[in-house]
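Coordinate inspection notes
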Amino acid sequence: MSPTSPASPASPASPARSASPASPESPKNPAPTRRLTTAQALVAFLARQYTERDGRRQRLISATWGIFGHGNVAGIGQALVEAGHGGNGTAHRMPYLQGRNEQAMVHAAVGYARQSGRLSAHAVTTSIGPGATNLVTGAALATINRLPVLLLPGDTFATRPADPVLQQLEVPYAGDVSVNDCLRPVSRYFDRITRPEALIPAALQAMRVLADPAETGAVTLALPQDVQAEAYDWPEEFFAERDWHVRRPAPDTYELETAVRAIRSARRPLIVAGGGVRHSAAEETLAAFTAATRIPVASTQAGKGALRHDHPADVGGIGHTGTATADELARTADLVIGIGTRFSDFTTASGTLFADPAVRFLHLNITAFDAHKLAALPLVADARAGLEALTAALAGRGYRVDPAYETEYTGAKEAWEERVEASFATPDPTARPTQTQVLGLLDDLVTEEDILINAAGSLPGDLHKLWRTRSRDQYHVEYGYSCMGYEIPAAIGVLLATGARSREHRPVWALVGDGTYLMNPTEIVTAVQENLPLKLLILQNHGYASIGGLSASVGAEGFGTAYRHRDADGGFTGPPLPVDLAANAASLGLRVLRAATVDDLRKALSEARDAEGPTCVYVETETPDTVSGPPPAQAWWDVPVAETASRMAAVKAREEYDRQVAARRRHL
């Protein structure tokens, strides 16, 4: 992508452009300017930025979230008033969304960006001080997941007439440091705008990064509050519409030929589909590739849905939270073909999963940084363009996996489906449901239109192993940062991206446990204010269930993971806390449906799905038994265990750890 070449109707894939040429610069005919504050100029500029991919054009920054304080109220706040009302419903209006927590606003923006295919994003404005530092977690989540969001935190005075100003961090050794510098390591691009005219190159660089599929993530423009309100004569050309072409780089010829040779020589190849398949909209291309080659496809959390659950080549999730089918194939694979994945430790089972002594890796990824992981043969390209090139290159060479291999993995997939059915089974409709039974009831209800959002706790593992994904965007589990509190605001972002205010809106479910709910319920108020048909499903299990299980497995005995009263010895083994999350959700404006039994829950879920306004289903879940509990982990995950301990639980856990870690290898 380049902002230098002019576009034309005959060239829809062209770089950024100006709508009209600037007037020739001369004393007699000076270039036209517009006098605006820095904040007004920035908002006007943002409203005129577009992305284009495959001939489809959309706003790059379609709305701005904000919470106002003294660091942004008179600058960006005033500019948004003018852009929202003065725009008078035109194409260059900048909609404003009111948030309740700065971190949550970023999560909402990230949910919107993911649902929009990374082609459209939101901006987030805050004041200085805690408003700015609250952005850090959301920024890290955006950057780790390669999702675009524009952060506009207020900053201390550039001219320093008042030093220190309220909420300013004073650093004795550096006068130019503010709390906004916390955002540097979690931003893909960072700049502090200390003069109005500095906004021009910074804003263009910010758009470049946001629209770059290999570079995108959180972008931060720190805005000193005095500079926001300062007026400047801006060149009119700065406000011309610009298209940022989202490129689809094709693979290098040498790398493509190397990849083709590797595939043709493989006996037991396995594809690992990551989030890059979705970001590239390469699902149909992947299906065509597997139809031609019959190579099985396992998926990461971000890649689940690359193929429908009932596609013959789909073998489910891979890694620590994966299926037995995918993980057994991974252990015997001689070629692992990564497509748009980061190969995190959950995917590789901390370096223990790909066990064949001669296993090789081929990695199709738009970033060279990721393509070279695990000493892979790199195929640096857009996922769709790369798969198209591979399919074409293999077409005339007659490659297809051995039929016996295909029979093996399809049979294993059928066996795993029986385990899914057992986990979802509800033999007693009057009983309290287990967590997996809750998922089974939801599985019975949803269609390909529904979208499920989750991020943390024990639910991601159960969903990765068990959920039957029906469409490319149904499965929305944020597991790059696995951030508690992401789900509710992200659901709002997804609702906004799917046209939630129309009569044809898609059902969007935010699935949370009680621990996650207590982390960040604030944006319920936003859903109520905007009358968004959020479907919130709260599973009450009285604590941190996921970490409780992990704690027990590593010898920490579940310490500090249950929500219970203290006992006589000062521990947390007393009765469950009398916290009523349903009442809390109702107090924030949600309609709440309580479910005590399997039958109750079935009815409540159906009612919630049909609801036109924001609705909550609340259910207290039962501890799973051997029938309705989830299958155990099918692969290891490295969480170091105490090397010395006096308690037997930790001693035994260390023995198991030493046994598992012996299988770890570095792929060099």
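Thresholds applied
- Residues numbered from 1 in each chain as written.
- Predicted model: local features only at pLDDT ≥ 70, side-chain atom pairs only at ≥ 80, totals over all residues.
- Heavy atoms only, no water.
- Patch = residues over 30% accessible without salt bridge, like charges linked within 9 Å, V, L, I, M, F, W, Y side chains within 5 Å.
- Areas by Shrake-Rupley, 256 points an atom, 1.4 Å probe, with all protein chains shown as cover.
- Salt bridge = Lys/Arg side-chain N within 4 Å of Asp/Glu carboxyl O.
- Helix = DSSP H or I, 4+ residues; strand = E, 2+ residues; numbered from the N terminus.
- Buried < 20%, exposed > 50% of the residue type's maximum accessible area, 1.4 Å probe, protein only.
- Expected span 1.5 Å × (residues − 1).
- Contact = heavy atoms within 4.5 Å.
- Polar contact = N/O pair within 3.5 Å; in protein donor to acceptor, adjacent residues only side chain to side chain.
- Pairing = 2+ DSSP bridges.
- Axes fitted to C-alpha atoms, helices over the stretch in contact; angles between N-to-C directions.
- Arc of directions from axis to C-beta.
- Phe/Tyr/Trp six-rings, centres within 6.5 Å; stacked < 30°, edge-to-face > 60°.
- Lys NZ or Arg CZ within 6 Å of the ring centre and 35° of its normal.
- Parallel < 35°, antiparallel > 145°, perpendicular 65-115°, else oblique.
- Left-handed = near helix turned anticlockwise from the far one by under 90°.
- Nonpolar A, V, L, I, M, F, W, Y, C, P; charged D, E, K, R; others polar.
- Core = buried A, V, L, I, M, F, W, Y, C linked by side-chain atoms within 4.5 Å.

Focus: a nonpolar patch on the surface
Side chains of F68, V73 and Y96 sit close together on the surface and give an oily, nonpolar patch of about 240 Å² of accessible area. Considering the arrangement of structural elements, one finds Y96 in strand β5 (residues 96–98). For Y96, a relative accessible area of 30% corresponds to the partly exposed category.

Focus: helix α14 (residues 383–395)
An ideal rise of 1.5 Å per residue puts 18 Å on 13 residues; α14 measures up with 18 Å between its terminal C-alpha atoms. Those residues of α14 that sit buried are A383, A385, G386, L387, A389, L390, A393 and L394. On its buried face, α14 is in contact with α8 (253–264), α9 (275–279), α10 (283–293), β15 (335–339), β16 (360–365) and β17 (377–380). For α14, the capping residue at the N-terminal end is D382, with a side-chain oxygen 3.0 Å from the backbone nitrogen of R384.

Points about the sheet that holds strand β7 (residues 149–155)
Ordered by their spatial adjacency, 6 strands build an open sheet running β5-β4-β6-β7-β9-β8, and the pairing between neighbours is parallel. Sheet topology places β5 and β8 (189–192) at the edges, where each strand pairs with a single neighbour. Within the sheet, the average angular offset between the axes of one strand and its neighbour, ignoring direction, is 20°. Set on the sheet, helix α5 (residues 135–144) makes contact with β6 (121–126), β7 and β9 (218–224); between it and β7 the angle comes to about 155°.

Observations concerning helix α23 (residues 598–610)
Given a rise of 1.5 Å per residue, 13 residues ought to cover 18 Å, and the 19 Å separating the end C-alpha atoms of α23 matches this to within 8%. Those residues of α23 that fall on the buried side of the exposure criterion are V598, L601, A604, L605 and A608. Buried residues of α23 fall within an arc of 120° about the axis and therefore sit on the same side. In this structure, α23 carries K603 and D610 as exposed residues pointing more than 90 degrees from its buried face. Buried positions along α23 lie against α16 (435–445), β20 (508–513), β21 (534–540), β22 (591–595) and β23 (615–620).

Remarks on the sheet that holds β21
Strand order in this open sheet of 6 strands is β19-β18-β20-β21-β23-β22, and the pairing throughout is parallel. Taken across any chain shown, the strands that pair with only one partner, and hence form the sheet edges, are β19 (475–477) and β22. Between one strand and the next, the sheet's axes are offset by a mean angle of 20°, whatever the strand orientation. Judged from the 6 bridges that link them, β21 and β23 form a sheet pairing that is parallel. Considered in β23, the bridge of Q540 is made with E620. The strands touched by helix α17 (residues 459–466) are β18 (451–454), β19, β20 and β21; relative to β19, the strand with the most contacts, the crossing angle is about 150°.

Points about the packing of aromatic side chains
The full count for this structure, using the stated rule, is 13 aromatic pairs. A centroid spacing of 5.3 Å and a plane angle of 65° characterise the contact between F238 and F239, whose relative ring orientation is edge-to-face. Here the two residues F238 and F239 agree in accessibility, since each one is buried. On the basis of an interplanar angle of 80° and a centroid distance of 6.1 Å, the ring pair of F343 and F361 is categorised as edge-to-face. Residue F343 is found in the loop between β15 and α12 (345–348), and its partner F361 is found in strand β16; the two are separated by 18 residues along the sequence. Summarising the burial analysis for this pair, F343 and F361 share the class buried. Over the ring of Y50 we find R57, and its NZ or CZ is 3.8 Å from the ring centre. Just above the ring of Y475 sits the side chain of K304; from NZ or CZ to the centre is 5.5 Å.

Some remarks on the pairing of strand β11 (residues 242–245)
Because side chains alternate across β11, one face comprises the buried residues R242 and W244, and the other comprises D243 and H245, equally buried. Judged from the 4 bridges that link them, strand β2 (residues 49–53) and β11 form a sheet pairing that is parallel. Residue pairing in the sheet places Q49 in a bridge with R242 of β11.

Focus: the environment of R432
Among the secondary structure elements, R432 is positioned in the loop between α15 (403–424) and α16. On the accessibility criterion, R432 (36% relative accessible area) is partly exposed. Along the backbone, R432 and D514 are 82 residues apart, and their C-alpha atoms lie at a distance of 17 Å. Ignoring any residue separated from it by four or fewer positions in sequence, one finds R432 in contact with Q437, A596, T597, E620, T621 and E622.

With respect to the packing of α10 against α14
One way to put it is that α10 packs onto α14 with a least axis distance of 9 Å and a crossing angle of 25°. Compared by their axis directions, α10 and α14 come out roughly parallel. Taken as a pair, α10 and α14 cross one another with a handedness that is left-handed. Here T285, L286, F289 and T293 of α10 come into contact with α14, specifically with R384, L387, E388, L390, T391 and L394. Looking at the contact of α10 with α14, its residues break down into 5 nonpolar, 3 polar and 2 charged.

Quick notes on the nonpolar core
Core analysis: the biggest nonpolar cluster contains 53 residues, and V124, L151, Y517 and L536 have the highest contact counts within it. Here this core gets 7 residues from one element, more than from any other, and that element is helix α18 (residues 487–497). Discounting residues that sit within four places of it in the chain, V124 has contacts with W65, M105, V106, A109, L135, V149, L150, L151 and L152. Listed in part, the 52 residues of the second largest apolar core include A273, A330, L387 and A393.

Everything listed here is a matter of coordinates, which is why it stays silent on function.
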